[in-house]
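# Close look at the chain arrangement
In case you want the letters, here they are:
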Amino acid sequence: MEIPDGLIKPDYAGGGIVNLMSSLLRARGASSDWPDARLLPASELTDYRHLVLIVIDGLGADWLARHSPTGLLARHQLGALTSVFPSTTAAAIGSFLTGVPPAQHGITGWFTWLRELGCVMKPLPGQPRSGGQSDWGMIKDLRSLFPRPSVFERIQTPSTLISPQSIIHSAFSRAHSGPARLRPFRNLKDCFRQIEQAVKLTRQPSYIYAYWSELDHLGHKHGIDSGAAIEHLHALEQGLEHLKTRLAGQDVCVLISADHGQLDASPAEQTRINTFPALAERLQLPLCGEARAAFCYPCAGELEGFIAAAEAALGSRFAIIRSRDLLAQGYFGPGTPHPELTHRSGDVILIGRDHNVIIDQLLTEPDFTPIGVHGGLSRAEMLVPLCRFTGAISPISVAGVRA
């Protein structure tokens, strides 16, 4: 099947978040199979004593340009990077934490079919959607499912992971934090305070990773173009301005980027699969992946019938693509794939055109349909900013750090 025009393919050759991680890995003495980010090669990072990466969940590059064209982030923006596919937190944070694309780390969406467990799981919180036990307690070592080593294990300097206190000690976080020092925070002010302390209290060269999720939550609940989301952007920039002032004189480079952007879907753009029996009855599993990039698992012998029914019912709203075609064309990333990748990406993927989403609500799930959505291949979802500010530069030579 041909990939429709207008969709943005992830750039793993120098223009994506995986390449940003390659730059950071090489700047801290590790190797990478992927090229450096063209916007920021490792050579521009190596001599800073502290490297800080702040990931703001849901911060799209186009959205930022519309709502804060002269703010701190715009003033310090180097350009835009592409997210991974699907453009969603589970897959992209997996890449930020491991430095490899989804094809290799194997986290393919908020809802992921894990054949090894016989259930659909939400990997980040470790909760089943369909089947399975109640949490990751059923697995002694998540490396059996997600075997890639974390960035914190690969680099040659001390590291710190700064994350909300509600998730920092989760099984998923523990599996990907390696030797990093953990610093939980309670709110935005505390997040920036933890970053400042991690810089000022660490005398050795270091890598500091911080994750902020609230913008994404506000986008889902109220819409990414809502007053609540825009007001929060201004609070973020005020906090970053204060952090920049507090870090003046420090030998630090602070990078700000995101896992994905968002767009708003109106009720008219929300399709429920149970209103199309010819589709729902042909599926052996609930839809997996994302509402903007739904992985479909037709029953045995029903693949062609499902595709034909989907084209007839949904063809104007969704691109209907065989999963093997997106895999072959490198949308999930190049390299040796995770052994379960084909199982975790389904047989057919429904990718939303315009702002369309497809919803498969189970009887056990609350009646909540997000307004702000992501996961697809539009500009709004795929392009994220890369911003940088620094303290005073005092070049150092760090044994084992120079790439």
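This one's a predicted model, so the numbers in the text were calculated from it and none came from an experiment.

Conventions and cut-offs
- Residues numbered from 1 in each chain as written.
- Predicted model: local features only at pLDDT ≥ 70, side-chain atom pairs only at ≥ 80, totals over all residues.
- Heavy atoms only, no water.
- Helix = DSSP H or I, 4+ residues; strand = E, 2+ residues; numbered from the N terminus.
- Lys, Arg positive; Asp, Glu negative; His and termini not counted.
- Charge placed at Lys NZ, Arg CZ, Asp CG, Glu CD.
- Pairing = 2+ DSSP bridges.
- Contact = heavy atoms within 4.5 Å.
- Axes fitted to C-alpha atoms, helices over the stretch in contact; angles between N-to-C directions.
- Salt bridge = Lys/Arg side-chain N within 4 Å of Asp/Glu carboxyl O.
- Buried < 20%, exposed > 50% of the residue type's maximum accessible area, 1.4 Å probe, protein only.
- Phe/Tyr/Trp six-rings, centres within 6.5 Å; stacked < 30°, edge-to-face > 60°.
- 1 Å grid on protein atoms, 1.4 Å probe; cavity = no way out; pocket = protein on both sides within 12 Å on 5 of 7 lines; lining within 4 Å.
- Points joined across faces, edges and corners; volume = space filled by probe spheres on them.
- Nonpolar A, V, L, I, M, F, W, Y, C, P; charged D, E, K, R; others polar.

### Examining the overall build of the protein chain
Along the protein chain, the regular secondary structure elements total 15 helices and 18 strands. Considered along the principal axes of its C-alpha atoms, the protein chain spans approximately 65 × 45 × 35 Å. Between the mean site of the 36 positive side-chain charges and the mean site of the 38 negative ones, the protein chain shows a separation of 9 Å.

### What about the sheet that holds strand S15 (residues 348-352)?
In space, the four strands of this open sheet follow the order S12-S13-S15-S14, with antiparallel pairing throughout. Strands with a single pairing partner mark the edges of an open sheet, and in this sheet they are strand S12 (288-289) and strand S14 (318-322). Both strand S13 (residues 293-296) and S15 contribute to a ladder of four bridges, which runs antiparallel. Paired with cysteine 296 across the bridge in S15 is valine 348. Across the face of the sheet, helix H12 (residues 303-314) comes into contact with S13, S14 and S15 while running at roughly 165° to S14.

### With respect to the pattern of salt bridges
As enumerated under the stated definition, the model contains 18 salt bridges in all. The salt bridge involving arginine 115 is made with glutamate 340; its shortest N-O contact spans 2.8 Å. With a gap of 225 residues between them, arginine 115 in the loop between strand S3 (112-114) and strand S4 (119-122) and glutamate 340 in the loop between helix H13 (323-328) and helix H14 (341-344) connect regions that are remote in the sequence. Judged by relative accessible area, glutamate 340 falls into the buried class, the value being 11%. Ionic pairing is found between glutamate 381 and arginine 292, a salt bridge with its closest N-O pair at 2.8 Å. With glutamate 381 in helix H15 (residues 379-382) and arginine 292 in the loop between S12 and S13, this pair connects stretches of sequence that are 89 residues apart. The same class applies to glutamate 381 and to arginine 292, which are both buried. Connected through salt bridges with shared partners, the residues Arg186, Asp190 and Arg193 form a single ionic network.

### Remarks on unusual backbone geometry
The peptide bond linking phenylalanine 85 to proline 86 adopts the cis configuration, its omega dihedral lying at -5°. With respect to the secondary-structure elements, proline 86 resides in the loop between strand S2 (77-82) and helix H4 (89-98). Not every positive phi belongs to a glycine, and aspartate 354 is a case in point at roughly 50°. If you trace the backbone, aspartate 354 turns up in the loop between S15 and strand S16 (357-359). Accessibility expressed as a relative area gives 60% for aspartate 354, which makes it exposed.

### Examining the environment of lysine 244
Secondary-structure assignment places lysine 244 in helix H10 (residues 227-246). A residue is classified by how much of its surface remains accessible, and lysine 244, at 30% relative accessible area, is partly exposed. Each C-alpha atom, one on lysine 244 and one on phenylalanine 389, is 7.4 Å from the other, the two residues being 145 residues apart in sequence.

### Description of the packing of aromatic side chains
A complete count under the given rule lists seven aromatic pairs for this structure. Note on phenylalanine 185 and tryptophan 212: the rings are 5.5 Å apart at their centroids and 25° apart in plane angle, and the pair reads as stacked. Placement of phenylalanine 185 in strand S7 (residues 181-185) and of tryptophan 212 in strand S8 (residues 206-212) is noted, with a sequence separation of 27 residues between them. Grouping residues by exposure puts phenylalanine 185 and tryptophan 212 together as buried.

### Focus: the layout of surface pockets
Empty pockets left among the atoms are what a rolling probe the size of a water molecule brings to light. Counted as a void, the largest pocket has a volume near 1,400 Å³. Lining the largest pocket are 50 residues, and of these Trp110, Phe111, Lys122, His220 and Glu290 lie nearest its centre. Counting residues per element, the lining of the largest pocket draws most heavily on H4, at four residues. Considering only residue class, the lining of the largest pocket consists of 25 nonpolar, 16 polar and nine charged.

### A word on the sheet that holds S7
Spatial ordering of the open sheet is given by S2-S18-S9-S1-S8-S6-S7, a layout of seven strands whose pairing is mixed. The strands lining the two open edges of the sheet, one partner per strand, are S2 and S7. Averaged over all pairs of adjacent strands, the angle between their axes in this sheet comes to 20°, without regard to strand direction. Two elements, strand S1 (residues 50-56) and S8, share seven bridges in a ladder whose sense is parallel. Paired with valine 55 across the bridge in S8 is tyrosine 211. Set on the sheet, H4 makes contact with S1, strand S6 (159-164) and S8; between it and S8 the angle comes to about 170°.

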